[in-house]
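Understanding the architecture of this molecule
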Amino acid sequence: MGLFDFSQFASRILQFCIRQAKQKKLFSLYSFILIKGMVFSLLSVWAFLEISDRVFHRQTRKFDTGVLTRVQDMHSPLLDLVMKGFSLLGGVVLITLLCLGLGVWFLTRRQMAELKTLVCTALGGTTLNLLIKDFFARDRPDMWAALVHDDLNTSSYPSGHATISLVVYGFLAYILSSQFPRWRGLILLATVVLVLAIGWSRLYVGLHWPTDVLAGYAAGFAWLSACLLTLEVYRKRQRRREGH
């Protein structure tokens, strides 16, 4: 795969680990966060490129139609209502209101680093998603009449709901986990369930192919990991300055 030089990236991680080991800092919390962030970003980019390559060469049609056929068999009036609700939770209106609320909260607490990271995470993730959509220009599914009719002015690949919900709700989970460490496991579990439900709802309402959602998750996770890694590095430097 020529789009990403994995060997060069892996070499840099190895060199970083060697330097940290020499300084006896390899197993420090900061090193763990840094290495974990880089590895997660790398794996997410790899997953996105793998899916994109197959979508670009039209190798996912059988998988996509097979999954959507099974999803169609699950339809019921009650589940229709539930899935429409989850789809709304990943929509532009609620995500925008959530970001505005978070932004105001950070401003009142004068947490400017978190505010800047929120802006970069949300706007950057949205811009990235739109650019990829424009490049692939993939048609949306037409296997049945869609249950909702939002975002039909954009192409199908990747799912904006999957990308942005993972980025924004993932960032919110990160902030809440920092504030309430005792509830970290429950917060992360609830976030994972919510984001997966939003992605599944986009298949259920008939607006996305499965690979749209998977690629949206991969792109969103890569972007979120990069943004949170940047925030952690910034916090580390700030603590060092305050220590001096």
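Keep in mind that this is a model prediction, so the values were computed, not measured.

**Comments concerning the overall build of the protein**
- Within the protein, the secondary structure is distributed over nine helices and zero strands.
- From first element to last, N terminus to C terminus, the protein shows the α and β order α-α-α-α-α-α-α-α-α.
- Residues classed as buried in the protein amount to 45% of the 244 residues present.

**Considering the confidence of the model for the protein**
- Looking at the protein as a whole, the pLDDT averages 84, with 82% of positions reaching at least 70.
- Ignoring residues within four places in sequence, the model shows residues 1-6, a span with pLDDT below 50, making 10 contacts including any to other chains.
- In this model, residues 24-30 is a region of pLDDT below 50 whose contacts with residues beyond four sequence positions or in other chains number 10 contacts.

**Observations regarding the environment of Leu203**
- By the secondary structure assignment, Leu203 is in helix H8 (residues 184-204).
- Taking the C-alpha atoms as reference points, Leu203 and Ser87, 116 residues apart in sequence, are found 9.7 Å from one another.

**Quick notes on the packing of aromatic side chains**
- One pass over the structure, following the stated rule, counts seven aromatic pairs.
- Considering the side-chain rings of Phe56 and Phe136, the 6.4 Å spacing of their centres and the 85° angle between planes classify their relative orientation as edge-to-face. Here Phe56, found in helix H2 (residues 29-56), pairs with Phe136, found in helix H6 (residues 112-136); they are 80 residues apart in sequence, far enough to count as distant.
- Feature note: the residues Phe48, Phe56, Phe135, Phe136 and Tyr157 constitute an aromatic cluster, connected by ring pairs.

**Here we look at the pattern of salt bridges**
- In total, this model carries three salt bridges according to the counting rule given.
- Across the pair Arg138 and Asp212 runs a salt bridge, and its minimum N-O distance is 2.7 Å. With Arg138 in the loop between H6 and helix H7 (160-179) and Asp212 in helix H9 (residues 210-243), this pair connects stretches of sequence that are 74 residues apart. The residues Arg138 and Asp212 share a single accessibility class, namely buried.
- Shared partners join several salt bridges into a network, and the residues in it are Asp64, Arg138 and Asp212.

Analysis parameters
- Residues numbered from 1 in each chain as written.
- Predicted model: local features only at pLDDT ≥ 70, side-chain atom pairs only at ≥ 80, totals over all residues.
- Heavy atoms only, no water.
- Helix = DSSP H or I, 4+ residues; strand = E, 2+ residues; numbered from the N terminus.
- Buried < 20%, exposed > 50% of the residue type's maximum accessible area, 1.4 Å probe, protein only.
- pLDDT = per-residue confidence, 0-100.
- Contact = heavy atoms within 4.5 Å.
- Phe/Tyr/Trp six-rings, centres within 6.5 Å; stacked < 30°, edge-to-face > 60°.
- Salt bridge = Lys/Arg side-chain N within 4 Å of Asp/Glu carboxyl O.

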